[in-house]
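Tertiary structure, described
Below are the chains, spelled out letter by letter.
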Amino acid sequence: QMQLVESGGGLVQAGGSLRLSCSASGRTFNNYDRGWLRQAPVKGREFVATIRWSGSSTYYADSVKGRFTIPRDNAKNTLYLQMNSLKPEDTAVYYCAARLGIGRSSYPTSAADFGSWGQGTQVTVSS
């Protein structure tokens, strides 16, 4: 399995920005659909964003569309989540996730679609 390590979380004021990083090891990221999930207390785990293994497509949850982007750097085997215009409701533990994508006709659009995920990084947005 792929091992994923998230970093970049922290405390930020509402309206601010954070850039999360996810480093993959064990195997290359190149053939994997990859994305981000988040989990807040009581709410459970929810889908945030995904990018097709080839980079040809991205998909965002309605709650973050227009505010978050999901860049990648294949050379560094790294996935990012650029979060802008943060809101208190964005407070959660954020997890990067991956699923072997090459050969599949679709990409992950829900938490249940992913097969691997990291340990998470806490993002707290204060009002």
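Residues numbered from 1 in each chain as written. Predicted model: local features only at pLDDT ≥ 70, side-chain atom pairs only at ≥ 80, totals over all residues. Heavy atoms only, no water.

1. Some details on the environment of L79
Operational definition: Helix numbers and strand numbers start at the N terminus; a helix is a DSSP run of H or I with at least 4 residues, a strand a run of E with at least 2. Whether two residues touch is decided by their heavy atoms; if any such pair falls within 4.5 Å, the residues are in contact.
Within the secondary structure, L79 is located in strand 9 (residues 78-83). If we skip the residues at most four places from it in the chain, L79 touches L20, S21, C22, F29, R34, G35, W36, I51, I70, P71, R72 and C96.

2. Things to note about the state of the cysteines
What counts is decided by this rule: Cysteine sulfur atoms are paired as a disulfide whenever they fall within 2.5 Å.
Evaluation of the coordinates by the stated rule reveals one disulfide. A sulfur-sulfur distance of 2.0 Å marks the disulfide that ties C22 to C96. Since a negative S-S torsion denotes a left-handed disulfide, the C22-C96 link at about 55° is right-handed. Of this pair, C22 sits in strand 3 (residues 18-25) while C96 sits in strand 10 (residues 92-100), and the two are 74 residues apart along the sequence.

3. Concerning the packing of aromatic side chains
This is how the line gets drawn: Centres within 6.5 Å are what make two rings of Phe, Tyr or Trp a pair, Trp counting through its six-membered ring; a difference in plane orientation under 30 degrees is then read as stacked, over 60 as edge-to-face, and the rest as tilted. A ring has a charge above it when a Lys NZ or an Arg CZ is no more than 6 Å from the ring centre and no more than 35 degrees off the ring normal.
Scanning all chains against the criterion turns up two aromatic pairs. Each residue in the set F47, Y59 and Y107 is aromatic and connected to the rest through ring pairs, giving one cluster. In this structure, R45 packs its charged tip against the face of Y95, placed 4.4 Å from the ring centre.

4. As for the nonpolar core
Here is the rule: Buried Ala, Val, Leu, Ile, Met, Phe, Trp, Tyr and Cys residues form a nonpolar core when they are joined through side-chain atoms within 4.5 Å. For every residue, the accessible area obtained with a 1.4 Å probe (protein chains only) is divided by the maximum for its type, and the residue is called buried under 20%, exposed over 50%, and partly exposed between those limits.
Ranked by size, the top nonpolar core spans 33 residues in total, and within it F29, W36, M83 and Y94 carry the most contacts. Among the elements of the structure, strand 3, strand 4 (32-40), strand 5 (44-51), strand 9, strand 10 and strand 12 (121-126) are those that each provide at least two residues to this core. The leading source of residues in this core is strand 10, at five residues.

5. Thoughts on the side chain of T121
Applicable threshold: N or O atoms within 3.5 Å of each other form a polar contact, as long as, within protein, one can give a hydrogen and the other can take it, and as long as residues adjacent in sequence are counted only when both atoms are side-chain atoms.
On the secondary structure map, T121 appears in strand 12. A polar contact is formed between the side chain of T121 and the backbone nitrogen of G9, at a distance of 3.1 Å. Each residue touching T121, except ones within four places of it in the same chain, is listed here: E6, S7, G8, G9, L20, A92, V93 and Y94.

6. With respect to the pairing of strand 3
In plain terms, the rule: We treat two strands as partners when DSSP finds at least two bridges between them.
For strand 1 (residues 3-7) and strand 3, the ladder comprises five bridges, and the chain directions are antiparallel. Counted as the bridge partner of V5 is S23 from strand 3.

7. Considering the pattern of salt bridges
The criterion, for reference: One speaks of a salt bridge when a side-chain nitrogen belonging to Lys or Arg is within 4 Å of a carboxyl oxygen belonging to Asp or Glu.
Enumeration over the complete set of coordinates arrives at six salt bridges. Between D33 and R52 there is a salt bridge, with the nearest N and O atoms lying 3.1 Å from each other. You can see D33 sitting in strand 4 and its partner R52 sitting in the loop between strand 5 and strand 6 (58-60), a full 19 residues away along the chain. The exposure class assigned to D33 is buried, which follows from its relative accessible area of 0%. Between E46 and R38 there is a salt bridge whose closest N-O contact spans 2.8 Å.

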